[in-house]
Amino acid sequence: MSAQPATHTAEATAGSSGPGAPNDGLKAGLKNRHLSMIAIGGVIGAGLFVGSGAGIAKAGPGILISYALVGLMVVLVMRMLGEMAAANPSSGSFSAYADRALGRWAGFSIGWLYWFFWVVVLAVEATAGATILEGWVPQVPQWAWALIVMVVLTGANLVSVSSYGEFEFWFAGIKVVAIAAFIVVGGLAVFGVLPGSDNEGAGFAHLTDHGGFLPNGPGAILTGVLLVVFSFMGSEIVTLAAGESADPQRAVTKATNSVIWRVAVFYLGSIFVVVTLLPWDNPGIADKTKGSYVSALDSIGIPHAGQVMNVIVLTAVLSCLNSGLYTASRMAFSLGQRGDAPAAFAKTTSRGVPQAAILGSVVFGFVAVWFNYQWPDTVFQFLLNSSGAVALFVWLVICFTQLRMRGIILRENPDKLIVRMWLFPYLTWATIAMISFVLVYMLTDKDGREQVLLSAAVAVVVVAFSLIRDRLPGARREGADSKPKESVLP
């Protein structure tokens, strides 16, 4: 980047910033409209469009209960995270709070695991986007499309945080408009009042015909939970991004309070339309080349439904890739500030961009993309499985952190407790039990078992490394036990 040398103070503690003040060398480049769309778009991943069909095929209309249960978990976890983030906005979010409440080992471990999760996601999304683009322009090979999308979005993130925000604003906007239109059009077709629809409109009959609401039994609800839980990952991104907004507390409070309707409308609303438009055992729903949304649009008679959905899925993929790069880099930046990552990661440019953290994250993403093309069924599959359960680990850490942070906030800054977890601590413990149950239940599923065991093995290695590192001579954290240092990046 062509920028003049800039000097910023890297705070040693889990960064805090009041309204109107960016923290830790980052700049308040995200506008309210950016944060609003990041908050809304964060819960709409490509998995909703392409992964919901498998859940419907397994659980039937009962998949709605699966989505409701996972949605409830997300709402409760976001409420806990919102409580901590509103009191102390930080680019490290839950990693910084875990560092403070549970110990350095917790902040280090969950921070690096979360970074690992997102850099693997970069490879997944880049490949998915390249597959769609190659279908449109086959003259350009798939690997070249993957390179192009990675380079473009890396460039946008390197320019400024507002560039990331602008890209995400439009990506999220397209997703929101698409799902809203799908719900309205599909809802009209369900009751047979959509002009020109090819669907006869069965009302709510498809919820109970073809074997009933739970055609494969109540146990299928839990199977559905395993299939849909990971499509919710990303809702916590807004708490990281809030630290680079003009009014972090307001942004976090607004995002936390709105998560209920976001989950209800975008997930439950759209899936409800699918299972009322079509019988759950419609062959198109289980067809991976079509999926539930395309099948629903086909039943209405929407022309070129497959291509329309490809455009929407590509937007969701690019949105996830854009946010993944942003999230991974900000987590690396926060780890660098706390002495848990290379010091270069904590340096920012004159535009407030953590350049080294972005490049370090994208380099690993490029390597993962290469693994995907070279050894998709061995090395890359290992990466996928070893990061597969990290989302649930993150949610567990947020819960345990909030149990401790509530007391810290009340003791040090009670006036900042503007977002409160409901029925504390009972709902916090109930959420811990729910997440733990999902992890245990995953052990009964072949694919889930591999994800949990490999992810747990990686987590044990990271935690062990952190504990050993803390006991080595000279392992005293740089910055945390000394005066803040200035970070300079040209």
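How each quantity is defined
- Residues numbered from 1 in each chain as written.
- Predicted model: local features only at pLDDT ≥ 70, side-chain atom pairs only at ≥ 80, totals over all residues.
- Heavy atoms only, no water.
- Helix = DSSP H or I, 4+ residues; strand = E, 2+ residues; numbered from the N terminus.
- Rg over C-alpha atoms; globule rule 2.2 N^0.38 Å.
- Buried < 20%, exposed > 50% of the residue type's maximum accessible area, 1.4 Å probe, protein only.
- Axes fitted to C-alpha atoms, helices over the stretch in contact; angles between N-to-C directions.
- Parallel < 35°, antiparallel > 145°, perpendicular 65-115°, else oblique.
- Left-handed = near helix turned anticlockwise from the far one by under 90°.
- Contact = heavy atoms within 4.5 Å.
- pLDDT = per-residue confidence, 0-100.
- Phe/Tyr/Trp six-rings, centres within 6.5 Å; stacked < 30°, edge-to-face > 60°.
- Lys NZ or Arg CZ within 6 Å of the ring centre and 35° of its normal.
- Nonpolar A, V, L, I, M, F, W, Y, C, P; charged D, E, K, R; others polar.
- Salt bridge = Lys/Arg side-chain N within 4 Å of Asp/Glu carboxyl O.

Glancing now at the overall build of the protein chain. Assigned secondary structure in the protein chain consists of 18 helices and 2 strands. Computed over the C-alpha atoms, the radius of gyration of the protein chain is 22 Å, within 12% of the 23 Å expected from 2.2 N^0.38 for a compact globule of 490 residues. Considered along the principal axes of its C-alpha atoms, the protein chain spans approximately 70 × 55 × 45 Å. The buried share of the protein chain, reckoned over its 490 residues, is 58%.

Contact pair helix 4 (residues 93–101) / helix 16 (residues 390–412): the axes reach a minimum separation of 8 Å and the direction vectors enclose 60°. With respect to their mutual orientation, helix 4 and helix 16 come out oblique. For the pair helix 4 and helix 16, the crossing hand works out as left-handed. Contacts between helix 4 and helix 16 involve Phe94, Tyr97, Ala98, Arg100 and Ala101 from the first element and Val394, Val397, Ile398, Thr401, Arg404, Met405, Ile408 and Glu412 from the second.

Counting buried positions over the 9 residues of helix 4 gives 8, a clear majority of the element. Of all the positions in helix 4, only Ser93, Phe94, Ser95, Ala96, Tyr97, Ala98, Asp99 and Ala101 are classed as buried. Elements that come into contact with the buried residues of helix 4 comprise helix 3 (63–87), helix 5 (104–136), helix 9 (237–241), helix 13 (305–337) and helix 16. Gly103 lies just past helix 4 and shows a positive phi near 125°.

This paragraph deals with the confidence of the model for the protein chain. Considering every residue of the protein chain, the mean pLDDT works out to 84; 91% of them sit at 70 or more. Mean pLDDT across the elements of the protein chain ranges from a minimum in strand 1 (residues 6–10), with 35, to a maximum in helix 17 (residues 426–442), with 94. The model gives residues 1–23 a pLDDT under 50, and that stretch makes 74 contacts with residues more than four places away or in other chains. The low-confidence segment residues 478–490, where pLDDT is below 50, has 37 contacts with residues more than four positions distant or belonging to other chains.

Glancing now at the packing of aromatic side chains. Per the stated rule, a full pass over the model turns up 22 aromatic pairs. Residues Phe116 and Phe364 carry aromatic rings whose centres are separated by 6.4 Å and whose planes lie at 80° to one another, so their mutual orientation is edge-to-face. Highlighted residues: Phe116 in helix 5 and Phe364 in helix 14 (residues 355–374), separated in sequence by 248 residues. Of the residues examined, Phe116 reaches a relative accessible area of 13% and is grouped as buried. Judged by relative accessible area, Phe364 falls into the partly exposed class, the value being 29%. Judged by centre distance (6.0 Å) and plane angle (85°), the ring pair of Phe400 and Trp429 falls under edge-to-face. Of the two residues, Phe400 sits in helix 16 while Trp429 sits in helix 17, which places them 29 residues apart along the sequence. Of the aromatic side chains, those joined through ring pairs into one cluster are Phe94, Tyr114, Phe117 and Trp118. Geometry around Phe169 places Arg33 over its ring, the cationic atom sitting 4.6 Å from the centre. A cation sits over an aromatic face here: Arg406 above Phe424, 4.3 Å from the ring centre.

Packing of helix 6 (residues 142–159) against helix 7 (residues 161–190) leaves a shortest axis separation of 6 Å and a crossing angle of 130°. Considering their axes alone, helix 6 and helix 7 lie oblique with respect to each other. Residues Leu153, Ala156, Asn157 and Val159 of helix 6 form the contact with helix 7, whose participating residues are Ser163, Tyr164, Phe167 and Phe171. Considered class by class, the residues forming the contact of helix 6 with helix 7 number 6 nonpolar, 2 polar and no charged.

So, on to the pattern of salt bridges. This structure, assessed with the given rule, holds 7 salt bridges. The salt bridge partner of Glu166 is Arg33, with a shortest N-O separation of 2.8 Å. Here Arg33 lies in helix 1 (residues 32–41) and Glu166 lies in helix 7, a separation of 133 residues in the sequence. What makes Arg33 partly exposed here is its relative accessible area of 33%. In this structure, the salt-bridge partner of Asp340 is Arg104, at a minimum N-O distance of 2.8 Å. Of this pair, Asp340 sits in the loop between helix 13 and helix 14 while Arg104 sits in helix 5, placing them 236 residues apart in sequence. Residue Asp340 is classed as buried on the basis of its relative accessible area of 4%. Connected through shared salt-bridge partners, Arg104, Asp340 and Arg469 make up one network.

Now for unusual backbone geometry. Residue Pro425 is bonded to the preceding Phe424 through a cis peptide linkage, with omega at 0°. With respect to the secondary-structure elements, Pro425 resides in the loop between helix 16 and helix 17. One non-glycine residue, Ser93, lies in the positive phi region at around 45°. Checked against the element boundaries, Ser93 lands in helix 4. Relative accessible area serves as the criterion here: at 0%, Ser93 is assigned to the buried category. A positive phi angle, near 55°, is found at His210, a position not held by glycine. Among the secondary structure elements, His210 is positioned in the loop between helix 7 and helix 8 (219–228).

What follows concerns the environment of Tyr373. With respect to the helices and strands, Tyr373 occurs in helix 14. Tyr373 sits in the partly exposed class, given a relative accessible area of 30%. It is 8.9 Å that separates the C-alpha atoms of Tyr373 and Thr127, two residues lying 246 residues apart in sequence. Other than its neighbours up to four places away in sequence, Tyr373 contacts Thr127, Ala130, Gln142, Trp143 and Ala146.

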